[in-house]
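Residues per chain, in single letters:
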Number of protein chains: 2
Amino acid sequence: MEDFRRGGFTLPGEAGYEKLTLEMAEKWGADVIRDSDGTKLSPEIVEAGYRIYSTICIIREHNAFAQAHPDAQQQVFLMSDAALATEDTLTIEPLKGFFDEQFEINDTPEAMEYWQVWDRTVDMLLPRESWSYENGKVTVKGCEKWHRYTVSFLCWRVWEEINMYNHTTNHWTSEHLRQLDPRHPLAWEYLKGWLKDWCRDNPQTNVIRLTSLFYNFVWVFGSDMRRRTRFVDWASYDFTVSPAALKAFEAEYGYALTAEDFINKGRLQATHRPPTAHKKDYMDFIQRFVAGKAKELVDIIHSFGKEAYVFYDDSWVGMEPCGKYFSSIGFDGLIKCVFSGFECRLCARAQVPVHELRFHPYLFPVGLGGLPTFSEGGHPEKDAYAYWLHVRRALARESVDRIGLGGYLHLTIGQSAFNDAIEEMAVTFRRLKALHAVGAPADLHIRVAVLHTWGSLRSWTLSGHFHETDQHILIHINEALSGLPVKVSFISFEDVKNGALRDVDVLINAGRMGDAWSGGDAWRDEALVTEVTRFVYEGGSLIGAGEPSAVSGGDTRFALSHVLGVDQDDGSWACHMPWQYEVEEASPFPVCGEAVTAAPGIRLTDPGTRVLLEKDGVPALTIHDFGKGRAVYMGGFAYSPLGARMILDMLLSLTGADPAAAAVSDQPMVEAAYFPASRALVLMNNDEKSVTASVRYPGGVYTAELKPLETRIETVQ
Amino acid sequence: MEDFRRGGFTLPGEAGYEKLTLEMAEKWGADVIRDSDGTKLSPEIVEAGYRIYSTICIIREHNAFAQAHPDAQQQVFLMSDAALATEDTLTIEPLKGFFDEQFEINDTPEAMEYWQVWDRTVDMLLPRESWSYENGKVTVKGCEKWHRYTVSFLCWRVWEEINMYNHTTNHWTSEHLRQLDPRHPLAWEYLKGWLKDWCRDNPQTNVIRLTSLFYNFVWVFGSDMRRRTRFVDWASYDFTVSPAALKAFEAEYGYALTAEDFINKGRLQATHRPPTAHKKDYMDFIQRFVAGKAKELVDIIHSFGKEAYVFYDDSWVGMEPCGKYFSSIGFDGLIKCVFSGFECRLCARAQVPVHELRFHPYLFPVGLGGLPTFSEGGHPEKDAYAYWLHVRRALARESVDRIGLGGYLHLTIGQSAFNDAIEEMAVTFRRLKALHAVGAPADLHIRVAVLHTWGSLRSWTLSGHFHETDQHILIHINEALSGLPVKVSFISFEDVKNGALRDVDVLINAGRMGDAWSGGDAWRDEALVTEVTRFVYEGGSLIGAGEPSAVSGGDTRFALSHVLGVDQDDGSWACHMPWQYEVEEASPFPVCGEAVTAAPGIRLTDPGTRVLLEKDGVPALTIHDFGKGRAVYMGGFAYSPLGARMILDMLLSLTGADPAAAAVSDQPMVEAAYFPASRALVLMNNDEKSVTASVRYPGGVYTAELKPLETRIETVQ
């Protein structure tokens, strides 16, 4: 019988710690050793019989080329802070307030074509002849007094942002690394040649781990330490722009993009906001470019008999794993660093042969938010367990192929609790993977669809990690769903209009008015509203959270308020008294009060709406019968194991599904999965206390006392 | 020397309690005895040598006429609740959900002309031929499936609303009183004749107290006790409408109003929201009508040698005391019931010979919000003092001529604490009045202008009493201002564009985005934005509270964010990091933390903005230098004596005015006024504890120990 002690584990090797590397590889059952950014493996490790991953950041570490060809560097549109005209001439220094080690003004003729000066007071683009540029300053003539003006301009980005982050955060002092734009023909030829040379020079490497591709997530630094980060968006496309890209776009699409398509009154176009039609075109344009160039790299790697894995973080823009073009690249593996369950599901879903997770904590002295993880006072095993509880439940639902760690292996010295924890997790991972290999776990036959602007392009993730998006309700809901025994899809408003609801039992819309998750102006489309109305009226279920379907200008604020049975008063319902209500003592599903928050101004639009929870004086959780269907409204939702259980109970209540079909436990802190082909039950205790739980499954009832946080895998009848 | 024991006091007499009436008149120094709604004075009282007020509600108590001429009753536009079309024919009962004892459908041909059916899903008016009406039901043919439809319709109002309130709240069982529309020619002739008869039959009456005029504030009842009040707005004009009014309007203005001008997607047009241009026209039209008709009544009253006072409450719509037409009516007096200081200032400002306040508590068993004021367990003297503290400080700033009480006098039996309190307040009122008569109190030479949609039309009040509008920041600010030694004006956005800021030192804009107090779309006008910008830049001061100058669609949410140094993130600034800040320990004025609240999403737009208070993780109180001027931002403000003092200190700090000019005390719970012509200081202790306070005034420093709540009036050098 397999002992699950070896395989599917990638260890970060460390030069200078060869003995430790091999010891830990043994303890954790590693079959692969990788280097990390900035570290190189020594021969003792390379020749020890493990497969070897080598990390490459393709666009970085070419400073000599970048200095010789500064026009091959990457760019971005920025907008100056607004300046007030107090007389009829105004001088603006566009770059003032931005970090001058990150940006240099691009005042080449092909860039200047795209510069714009706006009168923001009246939202008017100034004619080109009314302003001039010299020596870092724009002079505007004939200003309207007391109006505010901005300059939109192109910049070179002269410091690769991850390197910049490490310097400014971890006090690195090495040379600032630059980055090349693969759109620049000379640079592209150079990069391909460099990769070929690298492959030739590194025969020991089995897998090249690209980290990641070309364009970093957007990260704009300010000059003032009080606003060091001015803008950060893990899924924006602003760093892909250049005059060459704009010209190519214009040639293909037949219309020209302008600076304002990117600047958007200074807001830029963050992923959390619905894109303009132009931005959607531009994203598709970039996705095809990135996929095409990436395929060229993969082909080179393959030509040397190596495999190409890609790390989905940092410079990944344009290669969304659920995007249309990802599978065309031909990667052999996708590596995703994970804090959360939703990230496991994101990785598992990608169309690629090998799915690998890099666990947290990273082997780095300081962890998330400055935690002293591997420093004095740190408890890396606690951090590891905290993340594991999120990851484990997702791994029980959908399999990945490999796990691993990253960072400096020597930090594990003396951390036996952590080292034992990782060992245990690796064994559990392998056992779960083996179950999945025999056959998928049972589910409740509930098809949940999360509805938002991006649809499947942004399956599971909003952008970035949980802690970067945790002010958004949807990431909490996604995290809850990632471990529930239901089918989950992510659909767009277009999908709904094209009939996607025929494959849906429960539809979820969760966000804030105007954001990409709620949908904003999409809800002005009566075809969308009526299709969701029909869907619920004819028996479907809707869960709305926050400000679902919210849009201004209608007779209600929530376009689906008639379905939800609640609406939100934004002040425009002044003097209208809401329906009074009593909170129902007998809820159709157990309410987890700690997980639900209130949204301001929520009021009932139908006396038949049942209030299950009140907070801050307003209904926080309601349920409303609509035709043959039903709708639940939540003001907000914060993920916790108990909150996830409430979502499960809510789904069961809405659909009438049989919980025994997929093994639901009687204890809210215990989750379960049933693998019918293996006749195996997986019980996962999320509690730090022992819990005795009974699980009904198609074969009967299984009861066990689980130790704190225990994973119990049992073969049953 | 005057003992201030008599005069300027109106006592509610009570038949059956003649001896008590005369005793209390003596105790409180009454010179006037009035009857109340529903009570008649007996000859013993009428002939006792007091002036007599008699109350008339002109449009009520004519049931016989109303039944004989049902088309003379008042009307209103209502909108049905929206109904969902699940097939292509839909039946809607328009009145369903409304209180059928208040409303009857008006399906006369002239009313049906104005009915409308809307497809609210696509915001489309249906052609008349697509629906029909019969027996209380509208049938819509050719519906779009899953769209929602509403019916806008005219109703008769068959129960006068104050009478309806008393029946439904106080369990009255008498006949329901109806109300006549003075626009109906027969009704108007009848009412004039009735008034003449009344004057002829009541020679003992010196003053007719009209309570009030024709049109009640809007109060729409529902059929379901869970939403008994569907809509209530103390300043809306919906109850003035009728086909006759609409025809007259069309004839005069050259365009027709429609139901939707009133219905406004079901929201109606509450006073808290900016009016449409059509509504502004309509209001002016009604104001002129009301003033004209009221003048006819006043002329009749005068022709009998009587005076005409008007009570500003209930059916006052169209006779705003600060409106353009009020003084044309020729009233001899204005009576305002007061809970608050701002109501005293509202009354005092009116262009009318006599200003009278009706104090609270009303002599009624149950007080505000169900308080057992004059019932068992009640403490009417405490209620009286609570209101008095609000009123006193306003009376120190601006004089009125009379005070009084209302209700059932017999409830004072055994309430010696209350009776003594009223006696003391009456003496203090007379002493203050005497000081004002000699010369006005000194002020700080600070001209404060409150800027909102309505300008002077809604000076001091928003609509209704404090407790009806206390969710609006501005009423708290107005209440604070009502007792401060500064000049206060109320100006509109039009006024600003016409140069009103030349007479202003400190401008205040306080409200929520889109409401009438913040201003809503008015801030799209660059002429307004630039004028306020200029004003502050050149040295003026701005106080913004809540969501000042907020409007969607710009490059900032607050149109004045460059002046305020703060803006509000409504989610559209996703991924933009705000300026970090430290809360300043040394504020330019003492901060009253309890009075200031936070608004969500507030962030600094200028690193130079100083944060004086943080709440809920955002800046709650800031100050920002802008050119030669300064701007204060407050997330919210709740009135308290200490909060009012903070506003005073804020005004002093912004303007650099000398506090000694108007006698400011060194103790925040003590307020003062200085009457230079009388060389008198008024010290008011707002504290329930004794306080020793020093007041600097132009003649020196005066120090006194004040008893709890004491008013001290001293002649000084």
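Residues numbered from 1 in each chain as written. Chains lettered and ligands numbered in written order. Predicted model: local features only at pLDDT ≥ 70, side-chain atom pairs only at ≥ 80, totals over all residues.

Visitor: Please clarify how the overall build of chain A should be interpreted in this entry.
Guide: A count of helices and strands for chain A gives 18 helices and 36 strands. Across its three principal directions, the C-alpha atoms of chain A cover 80 × 75 × 45 Å. Pairs at least 24 apart in sequence give 70% of the contacts found in chain A among residues at least 6 apart. (Helix = DSSP H or I, 4+ residues; strand = E, 2+ residues; numbered from the N terminus. Contact = placed C-beta atoms within 7 Å.)

Visitor: Sorry, what's going on with helix 16 (residues 526-537) of chain A here?
Guide: Given 3.6 residues per turn, any residue in an α-helix points the same way as the ones three and four places further on. All names here are of chain A. The terminal C-alpha atoms of helix 16, which comprises 12 residues, lie 16 Å apart, in line with the 16 Å expected from a rise of 1.5 Å per residue. Taken residue by residue, helix 16 has Leu528, Val529, Thr530, Val532, Thr533, Phe535 and Val536 as its buried positions. On its buried side, helix 16 packs onto helix 15 (493-497), strand 22 (506-511), strand 23 (541-546), helix 17 (561-564), strand 28 (618-626) and strand 29 (629-634). In the segment just after helix 16, Gly539 is the residue with positive phi, at about 125°. (Expected span 1.5 Å × (residues − 1). Buried ≥ 20, exposed ≤ 12 C-beta atoms within 10 Å, placed from the backbone.)

Visitor: Hey, could you run me through the pairing of strand 27 (residues 610-615) of chain B in this one?
Guide: Along any regular strand the residues' side chains alternate between the sheet's two faces. Residue and element names in this part refer to chain B. Across 5 bridges, strand 27 lies against strand 28 (residues 618-626) in antiparallel orientation. In the sheet register, Lys615 faces strand 28, and the bridge partner there is Val618. Hairpin connection, strand 27 to strand 28: the antiparallel pair is bridged by 2 residues, and Asp616 has positive phi, about 50°. (Pairing = 2+ DSSP bridges.)

Visitor: Would you mind going over the relation of the copies chain A and chain B with me for this structure?
Guide: The second copy of the chain is related to the first by a rotation about an axis and a shift along the axis. Rotating chain A by 180° and moving it 0.1 Å along the rotation axis overlays it on chain B with an RMSD of 0.0 Å. The symmetry that links the two subunits is that of a two-fold axis. An overlap of 100% is found between the interface residues of chain A and their copies at the interface of chain B, pointing to a shared contact surface. (Least-squares fit on C-alpha atoms with pLDDT ≥ 70 in both.)

Visitor: Looking at this structure, I do not really get the environment of A:Phe429. What am I missing?
Guide: Residues and elements named next belong to chain A. Residue position: Phe429 is located in helix 13 (residues 416-438). On the neighbour-count criterion, Phe429 (26 C-beta atoms within 10 Å) is buried. Phe429 has contacts with Gly8, Leu395 and Ile403, leaving out every residue within four places of it along the chain.

Visitor: How should I be thinking about the interface of chain A and chain B in this particular structure?
Guide: Interface size is often expressed as the accessible area that is lost when the parts come together. If you look at the interface, chain A gives 44 residues, while chain B gives 44 residues. Residue contributions to the side of chain A that touches chain B peak at 6 residues, all from helix 16 of chain A. Considering only residue class, the side of chain A that touches chain B consists of 15 nonpolar, 14 polar and 15 charged. (Nonpolar A, V, L, I, M, F, W, Y, C, P; charged D, E, K, R; others polar.)

Visitor: It is not clear to me how the sheet that holds strand 18 (residues 354-358) of chain B should be interpreted in this structure. Could you clarify?
Guide: Residues and elements named next belong to chain B. Strand order around the closed barrel formed by 8 strands is 1-2-3-13-16-17-18-19, with parallel pairing between neighbours. With direction set aside, neighbouring strand axes in the sheet form an average angle of 25°. Where strand 13 (residues 207-210) lies against strand 16 (residues 307-311), 4 bridges are found, and the strand directions are parallel. Bridge pairing in strand 16 links Val207 to Glu307. In the packing of helix 1 (residues 18-28) onto the sheet, the strands contacted are strand 1 (9-12) and strand 2 (32-34), and the crossing angle to strand 1 comes to about 160°. (Axes fitted to C-alpha atoms, helices over the stretch in contact; angles between N-to-C directions.)

Visitor: Whenever I open this one, unusual backbone geometry confuses me. Can you help?
Guide: Peptide bonds are, in most cases, trans, and in most cases residues other than glycine have a negative phi. Of the consecutive residues A:Thr211 and A:Ser212, the connecting peptide bond is found in the cis state with omega at -10°. Within the secondary structure, A:Ser212 sits in the loop between strand 13 (207-210) and strand 14 (218-221). Not every positive phi belongs to a glycine, and A:Asp123 is a case in point at roughly 55°. Looking at the element boundaries, A:Asp123 is found in the loop between strand 8 (116-119) and strand 9 (124-125). Notably, B:Leu268 is not glycine yet its phi reads approximately 55°, a positive angle. The topology assignment puts B:Leu268 in the loop between helix 8 (259-263) and helix 9 (277-303). For B:Leu268, a count of 24 C-beta atoms within 10 Å puts it in the buried group.

Visitor: Explain the sheet that holds strand 34 (residues 691-697) of chain B to me, please; I cannot follow it from the model alone.
Guide: Hydrogen bonds between backbone atoms are what pair the strands of a sheet, whose relative direction is either parallel or antiparallel. All names here are of chain B. Pairing in this open sheet of 3 strands is antiparallel, and the strands run 31-34-35 from one edge to the other. Two strands bound the open sheet, and with one partner strand each, they are strand 31 (664-665) and strand 35 (700-706). Pairing of strand 34 with strand 35 involves 7 bridges; the strand directions are antiparallel. From the neighbouring strand, Thr692 faces strand 35, where its bridge partner is Glu705.

Visitor: For this particular structure, what's the right way to read the packing of helix 6 (residues 185-201) of chain B against helix 9 of chain B?
Guide: Two measures define how a pair of helices packs: the angle their axes make with one another and the distance between the axes. Residues and elements named next belong to chain B. With their axes 10 Å apart at the nearest point, helix 6 and helix 9 run at an angle of 25° to one another. Looking at the two axes, helix 6 sits roughly parallel to helix 9. Like other packed secondary-structure pairs, helix 6 and helix 9 cross with a definite hand, here right-handed. Contact with helix 6, carried on its side by Lys192, Leu195, Lys196 and Cys199, involves Glu296, Leu297, Ile300 and Ile301 of helix 9 and no other residues of that element. (Parallel < 35°, antiparallel > 145°, perpendicular 65-115°, else oblique. Left-handed = near helix turned anticlockwise from the far one by under 90°.)

Visitor: Looking at this structure, I do not really get the domain arrangement of chain A. What am I missing?
Guide: For chain A, the assigned domains read domain 1 (9-63 + 167-216 + 280-437), domain 2 (67-162 + 218-266), domain 3 (447-655) and domain 4 (660-715). Taken over C-alpha atoms, the centre of domain 2 of chain A sits 57 Å from the centre of domain 4 of chain A. (Domains from an automatic or database assignment.)

Visitor: Help me understand the environment of B:Trp523 in this model?
Guide: Residue and element names in this part refer to chain B. Along the chain, Trp523 turns up in the loop between strand 22 (506-511) and helix 16 (526-537). Taking the C-alpha atoms as reference points, Trp523 and Glu584, separated by 61 residues in sequence, lie 31 Å from one another. Each residue touching Trp523, except ones within four places of it in the same chain, is listed here: Leu528, Val529, Ser549, Val551 and Ala559.

Visitor: Just checking my understanding: could you explain the pairing of strand 3 (residues 51-56) of chain A for this structure?
Guide: Residues and elements named next belong to chain A. In this sheet, strand 3 lies alongside strand 2 (residues 32-34) in parallel orientation, the contact comprising 3 bridges. Looking at strand 3, one finds that Arg34 is bridged to Tyr53. Note: strand 3 against strand 13, 4 bridges, orientation parallel. Note on strand 13: the bridge partner recorded for Thr55 is Arg209.

Visitor: Got a minute to help me understand the environment of B:Ile301 in this structure?
Guide: All names here are of chain B. Following the sequence through the fold, Ile301 ends up in helix 9. Distance from Ile301 to Arg200, taken between C-alpha atoms, is 9.9 Å for residues 101 residues apart in sequence. In this structure, Ile301 is in contact with Cys199, Ile208, Lys306 and Ala308, ignoring residues within four places of it in sequence.

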